[in-house]
Amino acid sequence: MSNLLSQLGIGANALGVQRSVSATASHNIENASTPGFARQRVELASLAGTTFGRVALGGGVEALGVTQARDFFLDAQIPAARSATAAFDAAVSVATAITTLDPNDEYGLPASLSNFYSALRNLSARPGDPASRQAAVRAAETLAQRFQGGARDLAAARAAADDELRATVDGANQLGREVADLNAQIRVARGSGAEPNDLIARRRHLAEELASLTGAELFEDHGDLNLRTGAVGLVMGDRAATFSTEPDAANGGHLALQVTGADATGPEALASRDVGGRLAGILDGRDRVLGTAESKLDQLAFDFAASINGVHAAGVALDGSSGRDLFDAGIVEGAAGRIDVNAAITGDPRLFAAGATAAPGDSTNLLAMIATESAPLASGSDPRAALSELIGEFGSAVSQIERSAEAARAVGSHLDGLRESNRGVSIEEEIVRMTQAQRVFEAVTKVIKTADEMLGSLMSIK
Amino acid sequence: MRVTDRALFESSIARNGAARERHAKATAEASTGLKVQHPWDSSATPQITRYRLDADRMRAINGAVGAARGDLDLVDGTLAGVVNVLQRGGELAVQLANDTYNAADRASAAAEVRALRDEVLRLANIESAGRYLLSGTAEGTRPFDAAGSYQGDAGERRIELAPGSTEVVSFRGDEILGTAAGGIDVLAALDDLALALEADDTAAIRTSIDAMHTGVGQVAVAQSKVGGVMLGLEIAEASNRTLADVADERRAELTDADFIEAATNLAFAERALEASFAATAKSFGPSLLDVLR
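What you see as residue numbers is a count from 1 along each chain, following the sequence as written. Ligands are numbered from 1 and chains lettered from A, in the order in which they are written. Residues qualify for local features only when their pLDDT is at least 70, as the model is predicted, and side-chain atom pairs are given and counted only at 80 or more; totals for whole chains, interfaces and linings, by contrast, use all residues. Water and hydrogen atoms play no part in the side-chain values, which are based on all heavy atoms of the structure.

Numbering of helices and strands starts at the N terminus; helices are DSSP runs of H or I of at least 4 residues and strands are runs of E of at least 2. Secondary structure assignment for chain A yields 11 helices and 11 strands. Expected size for 462 residues packed as a compact globule is a radius of gyration near 23 Å; at 37 Å, chain A overshoots this value by more than 25%. Taken along the three principal axes of its C-alpha coordinates, chain A extends 140 × 45 × 30 Å. Any two residues whose heavy atoms approach within 4.5 Å are treated as being in contact. Long-range pairs, those at least 24 residues apart, make up 67% of the contacts in chain A between residues at least 6 apart in sequence. All accessibility values rest on the Shrake-Rupley procedure with a 1.4 Å probe; residue burial counts only the protein chains present in the view. With an accessible surface of roughly 20000 Å², chain A has 54% of that area assigned to carbon and sulfur atoms. Counting 40 positive and 58 negative side-chain charges, chain A places the centres of these two groups 6 Å from one another. Our radius of gyration is a C-alpha quantity, and the globule rule it is checked against amounts to 2.2 Å times the number of residues to the power 0.38. This count recognises Lys and Arg as positive and Asp and Glu as negative, with His and chain-terminal groups excluded. Charge placement uses NZ in Lys and CZ in Arg. For Asp and Glu, CG and CD serve respectively.

See below:
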C-alpha cells in the first residue's frame, strides 16, 4: 500500500518535471529570435527508489537544473571578430561619405584645375581681350571654390564622424552599465542557488556588443563577465568605465576620446590604437583617411597658390603694376578652405598679370603660369600629379579598408554561423521536445490513474 | 550541422542583401556607363585622373592654337592684299616709266598710287575684335599712324603648341612693312613713287620699280613665314588632338563600362536576385508546424 502511495508521489513529481521540460521548450521557442539567446535544456536524471528485499525499484525522474548551450571556443573568438568587422565597417562608412575626390565628377577638383589652365591658355592667345581676362579670373575663382568645397566636404564628413563618435560613446557607456548591472543581478540570482541562464545569455550578448564598439577583451572572473581594453578595465564586476569626448585643439577641434576606468582612474586619453571596434574605426576613418586627405588638400592648395603667386607677382598687369598675388591661401593649415582669388583682381581683371610688360598682347607671364602645370610644387610633384596622387591615395586607403571589412565580415559571419548552429533554437526540435514531454506527461497521468485504481481495488477489499 | 530558424532567417537576410547590393551596383554601372564612380572603386584612379588632365590639357592647348590660327588667317589675308597692292604699284611704275606717257598721265597715276598707299596703311592697321594684329604686343595701338610711322612695340606674343614648346604668333608691322628687319619702308616707297609720278620724274619712277619689287618680295617672305607658323600650328593641333584622343581612350578603358558586359552583368544580377528571393521563399516553406495539427 505504501508503495502504491509513493508511486502516486513519484508520478506527481514526474508531471512537474515534464511540465518544466515543456515550459523550457516553450521558452526556447519564444526566444527563437532573441539576439544572444542560447537554447536551454532541462537536465533530467532518474531517481533511486526503494528496495524490496533483493528488488530495487526506481524512484522516478528529477530535474537537475536548466543549462544553456555554449561553445567556449567560439565565445572566445567572436568578440575579436565582431570588433574587427565593426572597426572596418565604421571606417568605410566615415570615409565614403565624401564625393569631392570622385575622378569622373564633371565639376570636381580635377575638372576645375583643367579649366583654370585652359583659361590661361585661351588668354595667352589674346592676353588683352577683356572677356578672356574675365574668363581666366572666373576660372581661378571656380578652382578656389572647388578647393573650398572639397575642404568643406571633408570637414563635414569629419564633423559627422564626431557625431558618430559621440553616439557610439553614449552607446558604449550604456552597454557598460548594463553589463555591470547584470553582473550584480547574476551574483544575487546565483546566491539563491539557481543558474540565471537568461541573464547570463543577455550579459554575454551585451558584452559582445560592447566589445564590437570598443574592441574590449572579455574575461570571466568569479562568475562576473568583465571587459578591458589595454590596461583599462571597462567593466569590473558591478562597476563600469565611462567614455567621454573632448574637443582637441591640436586636431582642428575634433573630438578626442578619453575614458575613466571602472576603477575610477583617469580620465585617460585614448588614441585609435588604444581601442578597437567601432570607436577605433570612426577615429581611423576620421583622422587617418579623411584627416590625411584634408591635410594633403590643404598642402596642395597652399603649394599651388604659392607656385602661381610666385609667377603672377613677377608679371605686370595692364596698368603697369606688379607684385600682386593671384591667390590668397594664407598658411598651410586650412589653406584649401581659405584659398580665394585676390579681391583686387576679381574686381578688375586688368590687374591679372599676363605679361612681362603692360602691353596688352604680352603673354610672357601667362606662359610662365601655364608652365607651373608641369613644374614641381614644394611637395615634389606638379599640381596634376599631386592631385592624382591625393585621389589615388585616398581611394587606395578606402578600398583597402573595404577589402579588410569584407574579409572580417566573412570571418565574423562564419563564426556566428557556427555558434548559432550550436546554441540557436530550432523550432522543430523544440516542438518535438514539447510533444515528447506531452506524451510522457500523458503516460505519467495514466500511471497515476492506474496506481489510483490499484489503491481503489485495495481499499474496496472487505 | 544544426540549422536553426534564426540561422535560416539571418542567412536569408544576408543573401538577399548581397544580391540586392550586386543588383544595385550592376544597375548603376549600366545606367551611368561608368564602372568607376568613386576613388575607391578602382586602384587605377590616379591614372584615370591623370589621363583626364592630360586630355584636357591637350584640348586647352588646341583652344589657344585655334584662336591664334584665326588671327594668322587674317594676317595672311592682309599680307596677300599688301602684296597685290605693291604688285599694282610696281605695274604702274613700270608702265609710267615709259616715255610714251606724259605728265598728266603720271599725275593721274600718282593719285592711284596714293590710294594704293592708303590701302596698304588700312591693311597694315588690320584689327580683330579691337586687337591690332601687326602691333607686336601693343594690340591696343594702331600699328601705323597716318604718316606711316610705326606705333606698335617690339614685343612678341607666344602661345604653347605642346607642353614645353611655344611659338611666336604676334607680328610687327615695322618688320613686315618697314626697315626694322633690314627691309625697305613699303609705305615710304609708295610715297616716293607717288611723288616721282607727280614730279613727272621718270628716273625716280624707275628707281621705284626696284623698290616695289623689293617690297613685294619682303611682304611675300613675311607671308610665307606666317604660312610656316600656320602649318606648325596645324601640325601641333593634329598631334594634340591625337594625344587627347589617346588619353581619352586610355581613361575610357579604365573607367567606362563595356555596354554588353554591363547589360549582361545587370541581367545576371537580376536573375541572381530573383533566385535569392525564390530560395528564401522555399527555405521558409517546409516546417514541422505545417504537418502538426
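Moving on, we get to the pattern of salt bridges. Residues and elements named next belong to chain A. A side-chain nitrogen of Lys or Arg and a carboxyl oxygen of Asp or Glu constitute a salt bridge if their distance falls within 4 Å. Under the counting rule described, the total for this entry stands at 55 salt bridges over all chains. Residue arginine 70 pairs with aspartate 75 through a salt bridge whose shortest N-O separation is 2.6 Å. Taken together, the shared-partner salt bridges connect Arg70, Asp75, Arg82, Arg204, Glu208, Glu220, Asp416 and Arg419 into one network.

Once that is clear, we can look at the domain arrangement of chain A. The assigned domain composition of chain A is domain 1 (2–69 + 424–459) and domain 2 (92–156 + 291–406). What fixes the domain bounds is an automatic or database domain assignment. Distance between the C-alpha centres of domain 1 of chain A and domain 2 of chain A: 82 Å.

Each nonpolar core is a collection of buried residues, namely Ala, Val, Leu, Ile, Met, Phe, Trp, Tyr and Cys, held together in the definition by side-chain atoms within 4.5 Å. Burial classification: accessible surface area is computed with a 1.4 Å probe over protein chains only, and a residue below 20% of its type maximum counts as buried, one above 50% as exposed, and the rest as partly exposed. In terms of nonpolar packing, the biggest core is built from 91 residues, with Phe116, Phe147, Leu227, Phe327 and Phe352 of chain A touching the most fellow members. When residues in this core are grouped by element, the largest group, 18 residues, is from helix α4 (residues 130–191) of chain A. Leave out the neighbours within four places in its chain, and phenylalanine 327 of chain A touches Phe116, Ala140, Ala144, Phe304, Ala305, Ile308, Asn309, Ile339, Asp340, Val341 and Asn342 of chain A. Counting residues in each nonpolar core, the second largest holds 57 residues, with Leu92, Leu96, Leu134 and Met230 of chain B among its members.

Glancing now at the sheet that holds strand β8 (residues 254–260) of chain A. Sheets are built from strands that pair by backbone hydrogen bonding, the pairs being arranged parallel or antiparallel. Residue and element names in this part refer to chain A. One open sheet accounts for three strands, arranged β7-β8-β9; its pairing is antiparallel. A strand with exactly one partner marks an edge of an open sheet, and here the two such strands are β7 (242–248) and β9 (268–270). For this sheet the average axis-to-axis angle between neighbouring strands, irrespective of direction, equals 40°. Two strands form a pair only when DSSP identifies at least two bridges running between them. Pairing of β8 with β9, which is carried by three bridges, proceeds in the antiparallel orientation. Within β9, the position partnered with valine 259 by the bridge is glutamate 268. Angles here are taken between N-to-C directions and fall from 0 to 180 degrees, while the axes themselves are lines fitted to C-alpha atoms, restricted in helices to the stretch in contact.

In this section: the interface of chain A and chain B. On the side of chain B, 48 residues touch chain A, which itself brings 59 residues to the contact. Considering only the surface of chain A that becomes buried against chain B, Asn104, Arg121 and Arg384 of chain A emerge as the three largest contributors, covering 16% of it. Across the chain A-chain B interface, the total number found is eight salt bridges. Across the pair arginine 50 of chain B and aspartate 382 of chain A runs a salt bridge whose closest N-O atoms are separated by 3.8 Å. Under this definition, polar contacts are N or O atom pairs within 3.5 Å; protein pairs additionally need one hydrogen-donor-capable and one acceptor-capable atom, and for neighbouring residues in sequence, both atoms have to be side-chain atoms. Across the contact surface, chain A and chain B share 23 residue pairs in polar contact (both at pLDDT 80 or more). At the level of secondary structure, the elements contributing two or more residues to the side of chain A that touches chain B comprise α3 (109–125), α9 (364–371), α10 (383–423) and α11 (427–459) of chain A. Per-element tally for the side of chain A that touches chain B: the top contributor is α10 of chain A, with 15 residues. The buried area of a pairing is the accessible area, by a 1.4 Å probe, that goes missing from both parts when the two are put together, added over both.

Glycine aside, the phi torsion of most residues is negative, and most peptide linkages are trans. Here the bond from glycine 266 of chain A into proline 267 of chain A is cis, since omega is 10°, no more than 30 degrees from zero. With respect to the helices, strands and loops of the structure, proline 267 of chain A is situated in the loop between β8 and β9. Phi at alanine 129 of chain B takes a positive value of approximately 50°, unusual for a residue other than glycine. Structurally, the position occupied by alanine 129 of chain B is in the loop between β1 (127–128) and β2 (131–132).

Turning our eyes to something else, we now look at a nonpolar patch on the surface. Each patch groups residues whose relative accessible area exceeds 30% and which form no salt bridge, using 9 Å between like charges and 5 Å between nonpolar side chains of Val, Leu, Ile, Met, Phe, Trp and Tyr. Taken together, the side chains of Phe52, Val55 and Leu57 of chain A present a nonpolar region at the surface, about 260 Å² in accessible area. Looking at the element boundaries, phenylalanine 52 of chain A is found in strand β1 (residues 40–52).

Residue and element names in this part refer to chain A. Stacked, tilted and edge-to-face pairs are distinguished by plane angle, under 30 degrees for stacked and over 60 for edge-to-face with tilted covering the rest, among Phe, Tyr and Trp rings (Trp via its six-membered ring) whose centres lie within 6.5 Å. One pass over the structure, following the stated rule, counts eight aromatic pairs over all chains. For the ring pair phenylalanine 116 and tyrosine 117, a centre distance of 5.3 Å and an interplane angle of 70° mean the geometry is edge-to-face. A ring pair is formed by phenylalanine 116 and phenylalanine 304, whose centres lie 5.7 Å apart and whose planes are at 75°; its orientation type is edge-to-face. Within this pair, whereas phenylalanine 116 is found in helix α3, its partner phenylalanine 304 is found in helix α6 (residues 277–314), the two being separated by 188 residues in sequence. Taking the relative accessible area as the measure of exposure, phenylalanine 304 reaches 1% and is therefore buried. Among the aromatic residues, those joined into a ring-pair cluster are Phe116, Tyr117, Phe147, Phe304 and Phe327. When the NZ atom of lysine or the CZ atom of arginine is within 6 Å of a ring's centre and also within 35 degrees of its normal, the charge is said to sit over that ring. Across the ring face of phenylalanine 219, the terminal group of arginine 228 is positioned such that the distance to the ring centre comes to 4.2 Å.

A word on the side chain of arginine 39 of chain A. The topology assignment puts arginine 39 of chain A in the loop between α1 (2–30) and β1. Despite its burial, arginine 39 of chain A pairs with no opposite charge, the nearest such side chain being glutamate 429 of chain A at 4.3 Å. Within the structure, arginine 39 of chain A has its side chain in polar contact with the backbone oxygen of asparagine 422 of chain A (distance 2.7 Å). Excluding its chain neighbours within four sequence positions, the residues that come into contact with arginine 39 of chain A are Asn28, Thr67, Gln68, Ala69, Asn422, Arg423, Gly424, Val425 and Glu429 of chain A together with Arg2 of chain B.

So, about the sheet that holds strand β6 (residues 239–240) of chain A. Residues and elements named next belong to chain A. Strand order in the open sheet formed by four strands is β3-β4-β5-β6, and the pairing between neighbours is antiparallel. Each end of this open sheet is capped by a strand with a single partner; those strands are β3 (217–221) and β6. The sheet contact formed by strand β5 (residues 232–236) and β6 spans two bridges and is antiparallel. Residue pairing for β6: methionine 236 is matched across the bridge by arginine 239. The strands touched by α4 are β4 (224–229), β5 and β6; relative to β4, the strand with the most contacts, the crossing angle is about 155°. Lying on the sheet, helix α5 (residues 197–214) is in contact with β3, β4 and β5; it crosses β4 at an angle near 0°.

Right, let's get into the packing of helix α2 (residues 45–96) of chain B against helix α6 (residues 202–255) of chain B. Residues and elements named next belong to chain B. Where α2 meets α6, the axes come as close as 7 Å, and the angle between the chain directions of the two elements is 165°. On the basis of their axis angle, the class for α2 and α6 is roughly antiparallel. Between α2 and α6 the crossing geometry is left-handed. Here the contact of α2 with α6 is composed, by residue class, of 33 nonpolar, 10 polar and 12 charged. Angular relationships are summarised with four words: roughly parallel below 35 degrees, roughly antiparallel beyond 145, roughly perpendicular across 65 to 115, and oblique for the angles in between. Here a crossing is called left-handed whenever its near helix is offset anticlockwise from the far helix by less than a right angle, and right-handed whenever the offset is clockwise. Gly is placed with the polar residues, together with every amino acid not listed as nonpolar (Ala, Val, Leu, Ile, Met, Phe, Trp, Tyr, Cys and Pro) or charged (Asp, Glu, Lys and Arg).

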